[in-house]
Amino acid sequence: MDSIPNLPLFFSMFLILYLIAYFIVFRGWSPKVRPEASSCFISLFHGTPAVFLATFAIFSDQNRGFSSPNTKTQNLVLDYSIAYFLTDLLHYLVFYPSDILFIAHHLATLFVFITCRHLVFHGSFAILSLLILAEVTSFCQNVWTLATVRRQDNRLAAKVYTFLSPYFYAFYSVVRGIFGPFFMYRMGVFYMSGRADNVIPRCLWISWMFVVLTAIAVSILWISNLWVQFFKGKNSKLDKEL
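As annotated in an unreviewed UniProt entry, the protein chain carries the name TLC domain-containing protein and is attributed to Hibiscus trionum. In its Subcellular location (unreviewed entry) section, the UniProt entry covering the protein chain states "Membrane".

So this is what it looks like as structure tokens:
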């Protein structure tokens, strides 16, 4: 008897988790924030597990490199992430169809994962390393997001938001502002050398690099804006005290 393919299995899991979050876990929350909270809920089941799974998949491959073939474990992690992004994309299409930025982000991410997993069967070392960098901050980000949406009507959420914000901003800034660009540079140097052209077409790795560059640039703009708001709030509070 054939086993169920990984992708439909993982997609069903994330979809069920989303429905549990929406109809059970956050049923007492305002209808305006229940979809976003449910999105955070499934992200909690993707982000940190994906970091550990991707790390294991990378280091269990002795031939790992930017042009190395995907292993079965690496393909499993790619399927796991593809299923998550498909579920979250469905969430945006249903509840936030005008949020073009996030929809475009998810489509671009899916393009990279799917072409790596199902088209060229190479390059998962680079893609999973980027996944680790993208998701290592996800637990903090999801807790911060949940606290953000409830901080106006929940005292505990307000305290969590106030306490967590500077630490999350600093962590995110280091990962997306330093480690992300550094890894992208190494990735770009390797691919531009032509050593992967026989397994990953030039047009494809160029498109991967464009997606990565855009994602990092948007992330830096996003966190920079949060830092500006943070220091404005600090200065405003200081002015009131004075």
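Read on, since the account is not over.
Colleague: Tell me about the packing of helix 2 (residues 34–44) against helix 7 (residues 138–150), and please be specific about residues and values.
Modeller: The geometry of helix 2 relative to helix 7 is characterised by a closest axis approach of 10 Å and an angle of 160 degrees between their N-to-C directions. The angle between the axes of helix 2 and helix 7 places the two elements in the roughly antiparallel class. Relative to helix 7, helix 2 is oriented so that their crossing is left-handed. Across the interface between the two elements, Glu36, Ala37, Cys40, Ser43 and Leu44 from helix 2 touch Phe139, Asn142, Thr145, Leu146 and Val149 from helix 7. Residues belonging to the contact of helix 2 with helix 7 are distributed by class as follows: 6 nonpolar, 3 polar and 1 charged.

Colleague: Requested: an account of helix 6 (residues 124–135), with residues and values cited.
Modeller: Compared with an ideal rise of 1.5 Å per residue, which puts 12 residues at 16 Å, helix 6 spans 16 Å between its outermost C-alpha atoms and is within 8% of the ideal. The element helix 6 is extensively covered by neighbouring structure, given that 11 of its 12 residues are classed as buried. Taken residue by residue, helix 6 has Ser124, Phe125, Ala126, Ile127, Leu128, Ser129, Leu130, Leu131, Ile132, Leu133 and Glu135 as its buried positions.

Colleague: A description of the environment of Ala83 should follow, citing residues and the corresponding values.
Modeller: Residue position: Ala83 is located in helix 4 (residues 72–95). Contact partners of Ala83, with chain neighbours within four places excluded, come to Leu7, Phe10, Phe11 and Phe14.

Colleague: Provide a residue-level description of the environment of Val228, including the pertinent values.
Modeller: Here Val228 is to be found in helix 9 (residues 202–241). For Val228, a relative accessible area of 42% gives the class partly exposed. Spatially, the C-alpha atoms of Val228 and Arg176 are 17 Å apart, while their sequence positions differ by 52 residues.

Colleague: Could you give me a rundown of the UniProt feature "transmembrane region" (unreviewed entry) in the protein chain, with the residues and numbers involved?
Modeller: Sequence positions flagged by UniProt for "transmembrane region" (unreviewed entry) are, in local numbering, residues 6–25, 37–58, 78–95, 102–120, 126–147, 167–185 and 205–228. Counted over residues 6–25, helix gives 100% and strand 0%. Its end C-alpha atoms are 26 Å apart. Across residues 167–185, helical content stands at 100% and strand content at 0%; the span's end C-alpha atoms are separated by 26 Å.

Colleague: A description of the nonpolar core should follow, citing residues and the corresponding values.
Modeller: One finds Phe66, Phe113, Leu128, Met187, Tyr191 and Trp208 to be the most contacted residues of the largest nonpolar core, which totals 56 residues. Among the secondary structure elements, those contributing two or more residues to this core are helix 1 (6–25), helix 2, helix 3 (47–59), helix 4, helix 5 (100–120), helix 6, helix 8 (155–192) and helix 9. With 9 residues, helix 4 is the largest single contributor of residues to this core. Residues Trp144, Ala147, Tyr161 and Phe168 belong to the second largest nonpolar core, which totals 10 residues.

Parameters at a glance
- Residues numbered from 1 in each chain as written.
- Predicted model: local features only at pLDDT ≥ 70, side-chain atom pairs only at ≥ 80, totals over all residues.
- Heavy atoms only, no water.
- UniProt positions renumbered as here; feature names shortened; annotations may be inferred.
- Axes fitted to C-alpha atoms, helices over the stretch in contact; angles between N-to-C directions.
- Helix = DSSP H or I, 4+ residues; strand = E, 2+ residues; numbered from the N terminus.
- Parallel < 35°, antiparallel > 145°, perpendicular 65-115°, else oblique.
- Left-handed = near helix turned anticlockwise from the far one by under 90°.
- Contact = heavy atoms within 4.5 Å.
- Nonpolar A, V, L, I, M, F, W, Y, C, P; charged D, E, K, R; others polar.
- Expected span 1.5 Å × (residues − 1).
- Buried < 20%, exposed > 50% of the residue type's maximum accessible area, 1.4 Å probe, protein only.
- Core = buried A, V, L, I, M, F, W, Y, C linked by side-chain atoms within 4.5 Å.

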